[in-house]
Amino acid sequence: GKAITSLEKRVDARPKDEEARFKLITAYQTAGDYDEATEQIDDLLDDNEENTEALLQKGRMEMVEGDYEEAADLFSQVIELDDEHVDATNMLGRVYYETGQYESALEQFEKVVKLGDDNGLGYINIATLYQLQGNLEESLENANLAVDSANAETLFNIYLGRSNILLEMGDA
């Protein structure tokens, strides 16, 4: 729509404006136009193959398309460039989780917590893993840690996840 057209004009006028380009990428993704989003990401990577945010976005796109191997490679590249990149570490954990590599997923989610995850994401992902494995007490403990470290924006999702754990335990 109009927002995309406006952003396209802005990017055409200022091709080096990364902020505008990332907004355009998000707009394309929201509209379901993954080909255009990927083209914009590739343009950013042509300019700078070590652009961690572009690599992260491309990894997310690969996950959406079901190419977990490529996504893992991209998230690993980001981590190689910035070993404290919380989003890439979390997304690599998500890839492992989605492909059934739970021990590797747990390693990544524990790194997210150690990196200073301030929104409870690492803990809630650990809680989800433990719940999946039937370890409900560890799951609940990590869900509670997520609540303690979460910002207001994520609390609703954490409480929802914690409620599911309690229901499964029969304590709700």
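The coordinates are above.
Not measured: the values here are computed from a predicted model.

K.L.:
In this structure, what is going on with the pattern of salt bridges? I would like to understand it.
P.N.:
Any two side chains of opposite charge can pair, given that their charged atoms come close. According to the stated counting rule, one finds seven salt bridges in the structure shown. The partner of Arg21 in a salt bridge is Asp43, with the nearest N and O atoms 3.6 Å apart. In this pair, Arg21 is assigned in helix 2 (residues 18–30) and Asp43 in helix 3 (residues 34–47), connecting sequence segments 22 residues apart. According to the relative accessible area criterion, Arg21 is buried, its value standing at 6%. Under the relative-accessibility criterion, Asp43 is labelled partly exposed at 29%. For Arg94, the salt bridge identified is with Glu98, shortest N-O distance 3.3 Å. Of the two residues, Arg94 and Glu98 both sit in helix 6 (residues 86–98), four residues apart, roughly one turn of that helix. In this structure Glu98 comes out as partly exposed when scored by relative accessible area, which is 39%.

K.L.:
Got a minute to help me understand the packing of helix 6 against helix 7 (residues 102–114) in this structure?
P.N.:
The relative placement of two packed helices comes down to the angle between their axes together with the axis-to-axis distance. Close contact between helix 6 and helix 7 brings their axes to 7 Å; oriented N to C, the two are set at 160°. Our classification of the angle between helix 6 and helix 7 gives roughly antiparallel. Helix-helix and strand crossings are classified by hand; for helix 6 and helix 7 the assignment is left-handed. Judged by residue contacts, Val86, Thr89, Asn90, Leu92, Gly93, Arg94, Tyr96 and Tyr97 of helix 6 engage Tyr102, Ser104, Ala105, Gln108, Phe109, Lys111 and Val112 from helix 7.

Here is what the cut-offs are and how they apply
- Residues numbered from 1 in each chain as written.
- Predicted model: local features only at pLDDT ≥ 70, side-chain atom pairs only at ≥ 80, totals over all residues.
- Heavy atoms only, no water.
- Salt bridge = Lys/Arg side-chain N within 4 Å of Asp/Glu carboxyl O.
- Helix = DSSP H or I, 4+ residues; strand = E, 2+ residues; numbered from the N terminus.
- Buried < 20%, exposed > 50% of the residue type's maximum accessible area, 1.4 Å probe, protein only.
- Axes fitted to C-alpha atoms, helices over the stretch in contact; angles between N-to-C directions.
- Parallel < 35°, antiparallel > 145°, perpendicular 65-115°, else oblique.
- Left-handed = near helix turned anticlockwise from the far one by under 90°.
- Contact = heavy atoms within 4.5 Å.

No statement about biological role is implied by the geometric values presented.
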